[in-house]
Amino acid sequence: RRPIWSLIALGLGLAVAPAGAAEAKLYEMRTYHAAPGKAEAMHARFRDDACALLKKHAMKAIGFWVPMDEADGAKDTMMWVLEWPDRETREKAWEAFKADPEWQAAFKESEKGGKLVERAEVHFLRATDFSPAPQVSSSPSPRAFELRTYTAEAGRLGALLARFRDHTVKLFEKHGMTNFAYWTLDEGQEGADATLVYMLAHANREAAKASFDAFRADPDWVRSEEH
């Protein structure tokens, strides 16, 4: 079963992004695994301190998500995405953020009872030429978000992207799914020549299942699978 995520607001005051192509911006996907029993404290540190400091250092977060499933430690996981114009801007912003006395004090205070983040995973992404600009509201969305990662056969990433560009994204829309964003891994990372990462939005989990059931049964999709 694909992971379903819920968007949460952590005090960042996110603005709705303008519609249109996401262009060649760099996206940084960060997945944090909280230490046992520390998920709420991790969220509080973002809500009370980190989000304001992200804004201070011109670091644009487009959303924070938590899994809807609570099995297998999922409730201790938070995924968030930052948008950058380029790598150099990203490096300078993070250096300034980490050196900020406000952050250092907040970090120290929040970890008096032990570390909050046990493990972090970071991936750098580039929007595909058919990806919409990710759009989020300034308050928690009731929607369910589905994050999917596809690994193409060797040398077939271009063909996979073409199928999505020319066919799949339209069928998703036809069956009530919202195309939130489509990314490939930025160069230099393992799997960069074969990986597509994308996110869909649904009204809820039940709607997600119904949409995919209809999508898989659609004659247009069935014919595309046969060729």
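Residues numbered from 1 in each chain as written. Predicted model: local features only at pLDDT ≥ 70, side-chain atom pairs only at ≥ 80, totals over all residues. Heavy atoms only, no water.

Trainee: Before we move on, can you summarise the pattern of salt bridges with the specific residues and values?
Mentor: Counted by the stated rule, this structure contains 19 salt bridges. Where K92 meets E88, a salt bridge forms, and the shortest distance between an N and an O atom there is 3.1 Å. Of this pair, K92 and E88 are both found in helix 2 (residues 87–99), 4 residues apart, which corresponds to roughly one turn of the helix. Taken individually, K92 and E88 each receive the classification exposed, so the pair is uniform in this respect. Among the ionic pairs, R165 bridges to D129, the shortest N-O distance being 3.0 Å. On the criterion of sequence distance, the pair formed by R165 in helix 4 (residues 157–174) and D129 in the loop between strand 5 (117–127) and strand 6 (144–151) is long-range, its members being 36 residues apart. Under the relative-accessibility criterion, R165 is labelled partly exposed at 31%. When salt bridges with common partners are traced through the structure, they connect E28, R30, R90 and E91 into a single cluster. (Salt bridge = Lys/Arg side-chain N within 4 Å of Asp/Glu carboxyl O. Helix = DSSP H or I, 4+ residues; strand = E, 2+ residues; numbered from the N terminus. Buried < 20%, exposed > 50% of the residue type's maximum accessible area, 1.4 Å probe, protein only.)

Trainee: Please provide a residue-by-residue account of helix 5 (residues 205–217), values included.
Mentor: Between its first and last C-alpha atoms helix 5 spans 19 Å; for 13 residues at 1.5 Å apiece the expected length is 18 Å, and the two agree. Listed in full, the buried residues belonging to helix 5 are A208, S211, F212 and F215. Angularly, the buried residues of helix 5 cover 95 degrees about the axis, an arc narrow enough to put them on a single face. Helix 5 presents E206, K209 and A217 as exposed residues on the side facing more than 90 degrees away from its buried surface. Backbone nitrogen of E206 and a side-chain oxygen of the N-cap are separated by 3.2 Å at the start of helix 5; the cap is N204. (Expected span 1.5 Å × (residues − 1). Arc of directions from axis to C-beta. Polar contact = N/O pair within 3.5 Å; in protein donor to acceptor, adjacent residues only side chain to side chain.)

Trainee: With reference to specific residues and values, describe helix 4.
Mentor: Compared with the 26 Å implied by 1.5 Å per residue over 18 residues, the 24 Å span of helix 4 between its first and last C-alpha is a close match. Of all the bends found along helix 4, the most pronounced is centred on F164 and spans about 50 degrees. Those residues of helix 4 lying buried are L157, L160, L161, F164, T168, V169, L171 and F172. Positive phi appears at G176, one or two residues downstream of helix 4, with a value of about 85 degrees. (Bend = angle between axes of the 7 residues up to and from the residue.)

Trainee: Mind laying out the layout of surface pockets, listing which residues take part and the relevant values?
Mentor: If you roll a probe as big as a water molecule over the atoms, it shows you where there is empty space left. Each pocket or cavity is described by its volume, and for the largest pocket that value is around 280 Å³. In this structure, the largest pocket is lined by 16 residues; those nearest its centre are R30, Y32, R45, W103 and F107. Put simply, the parts of the chain that give the lining of the largest pocket at least two residues each are strand 2 (26–34), helix 1 (39–56), helix 2, helix 3 (101–110) and strand 5. Examining the composition of the lining of the largest pocket, we find that 4 residues originate from one element, helix 1, more than from any other. (1 Å grid on protein atoms, 1.4 Å probe; cavity = no way out; pocket = protein on both sides within 12 Å on 5 of 7 lines; lining within 4 Å. Points joined across faces, edges and corners; volume = space filled by probe spheres on them.)

Trainee: Which residues make up the packing of helix 2 against helix 3, and what values do they have?
Mentor: At a minimum axis separation of 5 Å, helix 2 and helix 3 run at an interaxial angle of 60 degrees. The angle between helix 2 and helix 3 falls in the class oblique. Contacts between helix 2 and helix 3 involve F97, K98 and A99 from the first element and P101, W103 and Q104 from the second. Residues of the contact of helix 2 with helix 3, tallied by class, amount to 4 nonpolar, 1 polar and 1 charged. (Axes fitted to C-alpha atoms, helices over the stretch in contact; angles between N-to-C directions. Parallel < 35°, antiparallel > 145°, perpendicular 65-115°, else oblique. Contact = heavy atoms within 4.5 Å. Nonpolar A, V, L, I, M, F, W, Y, C, P; charged D, E, K, R; others polar.)

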